[in-house]
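Residue-level structure breakdown
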Amino acid sequence: MKPQTSLEILAEALRRLPGVGPKSAQRMAYHLLQHDRDGAAQLGRALMQAVEKIHHCAMCNTFTENDVCETCLDPERDASLLCVVETPSDQMMIEQTMMYKGLYFVLMGRLSPLDGVGPKDIHLEKLIVRATDGLVSEVVLATNFTNEGEATAHYIGEMLKARGLKASRLARGVPVGGELEYVDAGTIARAMLDRRTT
Ligand code: ZN
């Protein structure tokens, strides 16, 4: 078998990006090599640096360059409230409402049996440890209002209740099938205020 050329290796690496097929990977590779070599080098360095420096916060599981992220270290935060979200961008949406002052846990995904995403893949063991620290008194389930988000909220809610923890769910201000990322801050704020115990 012939060894892969550098061009093939590059195109194959680009195909790892979501939504990039063989054709567009090849186009991207040609573009970088022909028109933007500086950009290509910058992209390479940025990727190396990010992979080396960014990891998960020991407490909330979000991306950080430190052991524990800034939000978790903030003494102004209400440590009795823990809001569970699917992604860092969902967390950002809730932050923008300016009315939630508790802490977070970021799943970095949602349960999706069809795609092979199980409880282990969304760090539920870490969530249990986090939620049973003795300070947390309510876990707010703020996963998306999609089928998978709802199933994830239900699963986590049951898991927490089995351990004697109180779980609540964002109220239905967020439309069915809605992803927090695309909902306005006012609606999320309302849903947070009206959250109900599961
Ligand atoms: Zn954190």
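As shown above, the structure is provided for reference.
Below is a short write-up of the structure. The written sequence of each chain sets the order in which its residues are numbered from 1. Local features in this predicted model are restricted to residues of pLDDT 70 or higher, and side-chain atom pairs are both shown and tallied only at a pLDDT of 80 or more, whereas totals for entire chains, interfaces and linings draw on every residue. Only hydrogens and water are removed before side-chain values are computed, so all heavy atoms of the structure are retained for them.

1. Points about the packing of aromatic side chains
Each pair of aromatic rings taken from Phe, Tyr and Trp, with Trp reduced to its six-membered ring, is defined by centres within 6.5 Å and is described as stacked if the planes are under 30 degrees apart, edge-to-face if over 60, and tilted in the remaining cases. Throughout the structure, instances matching the rule amount to one aromatic pair. The ring of F145 has R169 sitting right over it, with the charged end atom 4.2 Å from the ring centre. Charge over a ring is defined by NZ of Lys or CZ of Arg lying within 6 Å of the ring centre and within 35 degrees of the ring normal.

2. Looking at the coordination of the zinc ion
Atoms of type N, O and S within 2.8 Å of a metal are treated as its donors, and for Na, K and Ca the window is 3.2 Å; water is not considered, so some sites may appear to be missing partners. Protein ligation of the zinc ion involves C57 (SG), C60 (SG), C69 (SG) and C72 (SG), the donor distances falling in the range 2.3 Å. One can describe the site at the zinc ion as tetrahedral: its four donor atoms subtend angles covering 105 to 118° at the metal. Each donor residue of the zinc ion lies on one chain, and together they are spaced C-x2-C-x8-C-x2-C. Here C72 lies in helix α4 (residues 70-73) and C60 lies in the loop between β1 (55-56) and β2 (63-64), a separation of twelve residues in the sequence. Accessible area is worked out with a 1.4 Å probe on protein chains only. A residue is then buried under 20% of its type maximum, exposed over 50%, and partly exposed in between. On the accessibility criterion, C60 (1% relative accessible area) is buried. Every geometry call rests on angle ranges, with four donors termed tetrahedral when all angles are between 85 and 135 degrees, four termed square planar and six termed octahedral when opposite donors are over 155 degrees apart and all others are between 65 and 115, and everything else termed irregular. Going along the chain from the N terminus, every DSSP run of H or I of four or more residues is numbered as a helix, and every run of E of two or more is numbered as a strand.

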